[in-house]
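# Architecture and fold: a report
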Amino acid sequence: MTLESKIPAGDIATKWTQYKSTVPLVNPANKRQLEIIVVGTGLAGASAAATLAEMGYKVKAFCFQDSPRRAHSIAAQGGINAAKNYQNDGDSVYRLFYDTIKGGDYRAREANVHRLAECSTSIIDQCVAQGVPFAREYGGTLSNRSFGGTQVQRTFYAAGQTGQQLLLGAYSGLERQVGLGNVKMYARHEMIEVVKIDGKARGIIARNLVTGELERHFGHAVLLCTGGYGNVFYLSTNAMGSNVTAAWKAHKAGAYFGNPCFTQIHPTCIPVSGHYQSKLTLMSESLRNDGRIWVPKKQNDDRHPNDIPEDERDYYLERRYPAFGNLVPRDIASRAAKERCDAGYGVGQSKMAVYLDFKYNMMQKYGRTEASKLNIANPDDETLIRLGKEVVKEKYGNLFDMYKQITDEDPYEVPMRIYPAVHYTMGGLWVDYDLMTTVPGLYALGEANFSDHGANRLGASALMQGLADGYFVIPITIGNYLSKEIHTKPISTDHEAFVAAEKAANDRIQQLMGIQGTRSVESYHRELGLIMWNKCGMARNEQGLKEAIAEIQALRADFYKNVRIPGSVNEFNPELDKAGRVADFLELGELMCVDALNRNESCGGHFREEYQTEEGEALRDDQNYMYVAAWESKGDSWELHKEELKYENIKIQQRSYK
Amino acid sequence: MSKLMKLNLKVWRQKNADSAGNFEEYKVDASPDMSFLEMFDVLNEQLIETGKEPVAFDHDCREGICGMCSMVIDGRPHGPKQGVTTCQLHMRSFNDGDTITVEPWRANGFPVIKDLTVNRSAFDRIIAAGGFISTNAGNAVDANAVLIPKEVADEAFEAATCIGCGACVSACKNASAMLFVGAKVTQLSKLPQGKPERETRVVAMVNQMDAEGFGACTNTGACAAECPKQIPLSVIANLNREYIGAKMNGK
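Predicted model, so just to flag it, every value in this text is computed and none were measured. (Residues numbered from 1 in each chain as written. Chains lettered and ligands numbered in written order. Predicted model: local features only at pLDDT ≥ 70, side-chain atom pairs only at ≥ 80, totals over all residues.)

Turning next to the interface of chain A and chain B. In this complex, chain A contributes 64 residues to the contact, which on the side of chain B involves 66 residues. At nine residues, helix H6 (residues 162-179) of chain A tops the list of elements feeding residues into the side of chain A that touches chain B. (Contact = placed C-beta atoms within 7 Å. Helix = DSSP H or I, 4+ residues; strand = E, 2+ residues; numbered from the N terminus.)

This is the structure in C-alpha cells:
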C-alpha cells in the first residue's frame, strides 16, 4: 500500500481555508444516525467527543481512569502556544509554523503544521469562552510568557497547571454533552481490540476494568486519542496508567506506526533518587523563563551551590547558545545537560544533575521592578529577594511546592537540581491530512498520532495540538469520510468480526492468566525501561540498538514464561490491566529500536552518536532521511514505508540556536 | 541512601462492593524518600512474590494533579500533611516503627469497588448536571474582547484548582460534597462568561448533589482543612449565596 498523505493542493496559507470550504458535509439529520467511538478523554479526546456531539453525532467515549477528568493532559504545566501576537512582538501564524517546523528539525509535514498554527488562535478564544481561568494582567488582558525555541511571547498559561485548566474546560464540555444524552461515557474501560469489517474500522472491543467483562461497541468511525507511549521507558513523566495498548492494537490491525523512535527527553525533571522510584516529575519548561541553568566550572565540585561564586559557575546554555540561551529547544537542552554530567561536572549525590537557579531573576528582574513600583530607591539584596520571591511564587508557586515536597529542599533558597527525563513521544500512528490512519475510518488525534512535531516538539505545543485536533480539525475532516457512510446502518455486534475480535482479546487474557510464573509484571516493565533508557534513550548507536533488540526479544520470551498475575479475570484486577499494557510495550520497544537503527542520521530528539557535527550537534542527512518512517506490522516483523517530506515554504538549513 | 524505616500497616481489604471488609496487617521496610504510594508498590511486590493478592488502590499521575489517589491515612484523607495528595506524601513524614492505618474514602456516595478503590462517578454526574458554560466550539469571540480584572481571574483560578479527588467528602461527618460543588460554582459564577447560566447552574448542581446522597454542610470545616489543593471554605458560603439568590428568583 502506498502512503497517501492527502495534502490539499494550493498555497500553504489558504490550503486549510480552501479545504474547509469544499470538504463534503453531513447534514444534521444524517449526523444523528452516525455513531462515533472516541477512545481516551485527554485534551484531544474530550474536545473531540464534546465537539462532535455538539454537531449532532452520536458519541461513545471511553477512558481507563475512573473519570474522564483524570486523563494525563491534566498534568501539563507550563502553557499553550497561540499566534495571537497580543504582545506586539512580531508573532504571526507563519512564525509559529516556522518555529514548529524548525524546532522539529525539519521532520514534520508542512501542511499539518501550518493548519495547527492557524487553529491556535481559535483555541484560546474557545477556552476563555468555556471559563478557563488563564493568567491575566492588571488591565484585564491575557498574560503571556516565553517557551523554548521561540523568540516571542506566545504562551498562554494558568500558573503551573495549564493542562489541568484546559482539560477541565474540555471535560466540562464533554460532561455537558453526557448530560444532554449526546455522549455515552464509559469510564474504567480499556480498548483492547479494533474491529474491522470489509477493511474499515467499525468498532472496538473494550474491557470493563471493574467487572473484567469484554464488551462489543459499534461505531461508524473510531477515534484514538490515547496519548503517547513514553511509559515504555518505565520511568517517565507520564502517568502510571499511560500506555500504548489502544494504538498498538490499531497497529496490529493494520495502522502504520510513524517515527516510533522520536521520543522527547525533557531537560528539567527532578532527578532519579532511588531504585524504588515509580515515576519522574517534570519541572515545567516555563521555569526556564526565569531560571538559569548552570554547573560548577570545576569537575566534582562538592561545595554547596550557594557557596560557589559567580565566576566559578558555567552557565553552559548561555555560553553555547547565546541567541536563545536558557530557552533553546528541549532536545538541545537535554543533550547539553547530559554532556556536562558525562564530562564530570554534574551535581548532587548522584552527580547526574545540573542546577536550575532562580536567584538572579528573583532579585534583578522581579525584585527591582517591585521595588521601583514601591518607590524604594537602592533596595538592598534582602529586600530584592523578599519582593522578587512574591512574584516568583505567583508564577510558579505550585511547582516550587511540588519540588520541595519531593526533594525536601526549598527552591526559593537553594537552586533546583534537575536532569532530563522521558516526557513525550513525537512518534505515533501515521495519519493523513484528515487525521485518518491507514485503516479507513480509524483516526488518531493528539499525542497518539505522529504528525505535527517532527523529531522534537517545542514546549507548549502539545496542548495546542491536542485541542486543535479535537475542537477544530476532526469535526471538519471526519465529514470527508462519514459523508460517504450515511447509508451504512449500524452493524449488529453479533457480526462475525465482533465475535472474532472478542475471541482474540479473550484468548490473550487467558494466555496471560495461564502463565502463573514467579515474576511480577512490574519487574518486567522496570527491566524493559532500563534497556530502552540505556540503549534507545538520549543517545543511541548501532551496536547498542542491536543489543537492545536482542535483549527485548529475550525479555519478552521470558515474560510469557514467567510472569505472575494474581487474582482472576472477572474482577477488578489492576495487575492484569498492567500485564496487558506491558506485553504491548515489550513489542513496541523493539520497533522503536528497529526504527532508530534504520535512521542513520541524528535529528531532533533522535541522536545517533555516529552522526554529529564537530561541536556535538545533531547531524541530519536530508539526502537520505527526509521522510516519515511508517512501519507496517507483519506479525513478528515490520515493513518500512516512506512518506517523503517536501518543504516548499521553508528553507531547510542546519538548525542553529547560537 | 537513607536508612530504611520499619513500618506496620493496617490496611482495609474488601473483595468487592458486596462483601464485608476487614483490616489486614503487613510489615514493610521503606525509605524516607519514597512516596506513600511507592511504599504501597513495595508492599504489593512483596504480596505478589509470596503468592498473595496485592492491595487495589487508585493512582495515576503521581504528581498531585489528577485527583485519582485516595487513601484515608490514620483517619485523615491524604494523610497527616496539609496541602498534599497521597501520592505527594513522603515517608519522611512518618517515623521508624510507626503503625499506619489505611482505609478507602468513607462515604455512601463513594461505594467501595475493591480494597482502597472507590467509585466517584457521582462527581461526574454533578458536573454533567450543570458544571459548565454552554458554548459550542466555534462560537467564541476574541479572547481579549472581554476584559477580566486580575483579581476576578485569580479568584476563579483558585476555585478551579480543585482536582475532584473527593477528600472533602471523605473528611466530612455528613459526607457533604459542598466544597467540591462550591468550587465549581464559584469559578464559573465569578467569570463574566459564566454569568448567563449562574442561576440555573447552581440549582441543577445542588439538586444532583442531593440526589447522589451527599449530606448537607454543618460548618465544621474539615473539608477545607483536608483539601489537598486548599480550596477555602468561602466557596461554600458563595455556593449558599448563589443558591439562595437563584431560589429567590424562582429558579
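Let's shift gears to the pairing of strand S1 (residues 5-13) of chain B. Along any regular strand the residues' side chains alternate between the sheet's two faces. Residue and element names in this part refer to chain B. Alignment of S1 against strand S2 (residues 22-30), held across nine bridges, turns out to be antiparallel. In the sheet register, Met5 faces S2, and the bridge partner there is Ala30. Pairing geometry for S1 and strand S5 (residues 99-103), over four bridges, is parallel. Note on S5: the bridge partner recorded for Lys10 is Thr101. (Pairing = 2+ DSSP bridges.)

Bringing the domain arrangement of chain B into the picture now. Residue and element names in this part refer to chain B. Here chain B is described as being made up of domain 1 (5-113) and domain 2 (120-248). One C-alpha centre belongs to domain 1, the other to domain 2, and the line joining them spans 29 Å. Tallied by class, residues from the side of domain 1 that touches domain 2 come to eight nonpolar, eight polar and two charged. (Domains from an automatic or database assignment. Nonpolar A, V, L, I, M, F, W, Y, C, P; charged D, E, K, R; others polar.)

Attention shifts here to the domain arrangement of chain A. Residue and element names in this part refer to chain A. Domain annotation for chain A reports domain 1 (15-262 + 426-482), domain 2 (266-422) and domain 3 (503-623). Here domain 2 and domain 3 have C-alpha centroids that lie 33 Å from each other. With six residues of domain 2 at the contact, the number on the domain 3 side is five residues. Top element by residues in the side of domain 2 that touches domain 3 is helix H9 (residues 330-342). It accounts for five residues. Split by residue class, the side of domain 2 that touches domain 3 holds one nonpolar, one polar and four charged.

Let's shift gears to the sheet that holds strand S6 (residues 189-197) of chain A. Hydrogen bonds between backbone groups are what pair the strands of a sheet, and the pairing can be parallel or antiparallel. Residues and elements named next belong to chain A. Taking strand neighbours across the sheet as the criterion, the three strands line up as S6-S7-S8 in an open arrangement whose pairing is antiparallel. The strands lining the two open edges of the sheet, one partner per strand, are S6 and strand S8 (214-218). Direction aside, the axes of adjacent strands within the sheet are offset by 30 degrees on average. As paired elements, strand S7 (residues 200-208) and S8 share five bridges and run antiparallel to each other. The residue of S8 that forms the bridge with Ile204 is His217. Against the sheet, helix H14 (residues 496-515) engages S6, S7 and S8, with an angle of about 140 degrees to S6. (Axes fitted to C-alpha atoms, helices over the stretch in contact; angles between N-to-C directions.)

Moving on, we come to the environment of Asp115 of chain B. All names here are of chain B. Along the chain, the position of Asp115 falls in the loop between strand S6 (112-114) and strand S7 (117-118). Judged by the 25 C-beta atoms lying within 10 Å of it, Asp115 falls in the buried class. It is 32 Å that separates the C-alpha atoms of Asp115 and Gly130, two residues lying 15 residues apart in sequence. With sequence-adjacent residues up to four places away left out, Asp115 is seen in contact with Trp12, Arg13, Gln14, Val55, Ala56 and Phe57. (Buried ≥ 20, exposed ≤ 12 C-beta atoms within 10 Å, placed from the backbone.)

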